[in-house]
Each structure stands twice: as structure tokens, then as C-alpha cells.
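# Coordinate inspection notes
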Amino acid sequence: MTRFGLLLLGVLFLGGAAFAQTTTQPAQSLKPTPSACSAGSQSMRVCTNGLRSCNDVCAAQALSANSQIVGCETSCCTRYNVCVKTRGCGSRVIDCQ
């Protein structure tokens, strides 16, 4: 009976150690890693928010009779394209014409 008890404790101990090893390994996701250049990615949000803010400044300047707004929106577009290219998302550039 004592041998059986010791054998059972040994099996439980080894089984617990094996379980502890498998649970400490990081889980792998089957989901593909999202692209840094997808529409909702942080890189694209930064560039898009910059473009929106720049265009808002152009719109605000257009309300002032004394401001120079010629080329303002083209400048914003160019800045957006530079932002996108800097982040390695050159396929997301827009036409500034």
C-alpha cells in the first residue's frame, strides 16, 4: 500500500510539473498579424489625423481676409505622403493634384 501511495504521489508530481511547463509558454495566435499600413493601424491614424488637422488649419485660414492659403491643401497632402512613406506605407500615398 505504501508503494502504491508513493507511486501515485510521484505520478501526480511529474504530471503537475509537466502541466506547469506547458502553461508558462506563450500562446500562439492563429490570427495573422495586422499590417502596420492597414486603415486602422496606429501609423495610418497618425498620418490621417495630421492631414485632417492640417486641412482644418487651411479651412480656418480661408476665413481670414489677410491670410495666404494658396497651396495650403497641397502642402497638407504632401506632408501626409511624407508621413506615410516614412512609416513604410508608400502604397497608401494619395494624389495631391
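In this report, we go over the structure that sits alongside the text. (Residues numbered from 1 in each chain as written. Predicted model: local features only at pLDDT ≥ 70, side-chain atom pairs only at ≥ 80, totals over all residues. Heavy atoms only, no water.)

## Topic: the overall build of the protein
Along the backbone of the protein there are three helices and zero strands. The order of α-helices and β-strands along the protein, N terminus first, is α-α-α. Taken over 97 residues, the protein has a buried fraction of 18%. Considering only contacts in the protein between residues 6 or more positions apart, those separated by 24 or more positions represent 42%. (Helix = DSSP H or I, 4+ residues; strand = E, 2+ residues; numbered from the N terminus. Buried < 20%, exposed > 50% of the residue type's maximum accessible area, 1.4 Å probe, protein only. Contact = heavy atoms within 4.5 Å.)

## Things to note about the side chain of serine 41
Topologically, serine 41 is positioned in the loop between helix H1 (2-24) and helix H2 (42-62). Relative accessible area serves as the criterion here: at 10%, serine 41 is assigned to the buried category. From its side chain, serine 41 meets the backbone oxygen of serine 38 in a polar contact 2.9 Å long. What serine 41 contacts, discounting residues up to four positions off in sequence, is Ser35 and Ala36. (Polar contact = N/O pair within 3.5 Å; in protein donor to acceptor, adjacent residues only side chain to side chain.)

## Notes on the nonpolar core
It is characteristic of soluble globular proteins that their nonpolar side chains tend to be buried jointly. Counting twelve residues, the largest nonpolar core consists of Cys37, Met44, Cys47, Leu51, Cys54, Cys58, Cys72, Cys76, Tyr80, Cys83, Val84 and Cys89. When residues of this core are traced back to their parent elements, those giving at least two are H2 and helix H3 (72-86). (Core = buried A, V, L, I, M, F, W, Y, C linked by side-chain atoms within 4.5 Å.)

## Structural notes on the side chain of asparagine 81
Inspection of the secondary structure assignment puts asparagine 81 in helix H3. Residue classification places asparagine 81 among the buried positions, given a relative accessible area of 11%.

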